Amino acid sequence: MATQPETGQVKKGGVVVLIAALLALIGPATTQLVLTEIPKEESGRKVAVAVSPQARTATITNISGKQYLRVYLDMIGVATACDGLTGEGIKVGREFTEQQCAQMLVDRLTADGAHIMACTPGLALSIPRRDNVRYAALSLGHHVGWPTYCRSTMRRQINAGQIRAACNSLTWFNKAGGRVIPGIVARRKREQAICLRDAA
């Protein structure tokens, strides 16, 4: 994980975001997992998430840790903001609100998730015991990019019903800038532990 500037503030209360498309794509249990675990993995924040399938919203409340509202450069020089968001619109000098960060995360997870679900029929909502492995696949795809995920051994193993093997393959993605990063190794182990709940 990158060394990040102390720019965010821990705030009381939560932000409400629309999650209709994400819910339809990955279901309420996986939505709860990704919105809780991604902030922990990407920026070290602990959040409480209340998903309302009826209202198709989630309320995300920061419990502890900083939220990085100002764009910073990560350990390999990539402009990053909020909970590990990079890419379009994330430029050094920009600053976002908590609401913007939460909605951008949901939008990015929805976009990544659409590709990940399309290339992984083995994660379909109709298949039982896939919430945890679905979270792990989406977390990995969000972190390394959905094209990398869709070419992965993990994806092939999920589609073949080899869930334990897929959860183990997840740990192979442990580098940034061409070198193994202890923080990424630890992250993959945490994602693997959640993934393996569906392999029992």
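Residues numbered from 1 in each chain as written. Predicted model: local features only at pLDDT ≥ 70, side-chain atom pairs only at ≥ 80, totals over all residues. Heavy atoms only, no water.

Chemist: Hey, could you run me through the packing of aromatic side chains in this one?
Modeler: Both the distance between ring centres and the angle between the ring planes are used here to describe each pair of aromatic rings. Tallying each qualifying case throughout the model produces one aromatic pair. Measuring from ring centre to ring centre gives 5.9 Å for Tyr68 and Tyr72, while their planes differ by 65°; the resulting arrangement is edge-to-face. For Tyr68, a relative accessible area of 6% gives the class buried. (Phe/Tyr/Trp six-rings, centres within 6.5 Å; stacked < 30°, edge-to-face > 60°. Buried < 20%, exposed > 50% of the residue type's maximum accessible area, 1.4 Å probe, protein only.)

Chemist: I keep staring at the sheet that holds strand S3 (residues 57–64) and nothing clicks. Help me out?
Modeler: Across a sheet, strands are paired by hydrogen bonds formed along the backbone, either parallel or antiparallel in direction. Taking strand neighbours across the sheet as the criterion, the three strands line up as S1-S3-S2 in an open arrangement whose pairing is antiparallel. The open sheet has two free edges, formed respectively by strand S1 (14–18) and strand S2 (46–52), since each of these has just one partner strand. For this sheet, the mean inter-axis angle between neighbouring strands, taken without regard to orientation, is 25°. Direction of pairing for S2 relative to S3: antiparallel, over a ladder of seven bridges. (Pairing = 2+ DSSP bridges. Helix = DSSP H or I, 4+ residues; strand = E, 2+ residues; numbered from the N terminus. Axes fitted to C-alpha atoms, helices over the stretch in contact; angles between N-to-C directions.)

Chemist: What am I meant to see in the confidence of the model for the protein here?
Modeler: Interpretation of the predicted coordinates at a detailed level should be avoided for regions scoring low in pLDDT. Looking at the protein as a whole, the pLDDT averages 92, with 94% of positions reaching at least 70. Counted against residues more than four places away or in other chains, residues 1–11, with its pLDDT under 50, gives 34 contacts. (pLDDT = per-residue confidence, 0-100. Contact = heavy atoms within 4.5 Å.)

Chemist: Quick question: what am I supposed to make of the pattern of salt bridges here?
Modeler: Opposite charge on two side chains permits pairing when their charged atoms draw close. Summed over all chains, the structure comprises eight salt bridges. Here Arg45 makes a salt bridge to Asp83, at a shortest N to O gap of 2.8 Å. Here the residue Arg45 occupies a position in the loop between helix H1 (20–43) and S2, and Asp83 occupies one in the loop between strand S5 (79–82) and helix H2 (98–119), the gap between them amounting to 38 residues. Owing to a relative accessible area of 4%, Asp83 belongs among the buried residues under this scheme. Note that Arg188 is salt-bridged to Glu191, the shortest N-O span being 2.6 Å. One end of the pair is Arg188 and the other is Glu191, both in helix H7 (residues 182–195) and three residues apart, which spans about a single turn. When sorted by exposure, Arg188 lands in the same class as Glu191, which is buried. Residues joined by salt bridges that share partners form a network here, namely Glu42, Arg187, Arg188 and Glu191. (Salt bridge = Lys/Arg side-chain N within 4 Å of Asp/Glu carboxyl O.)

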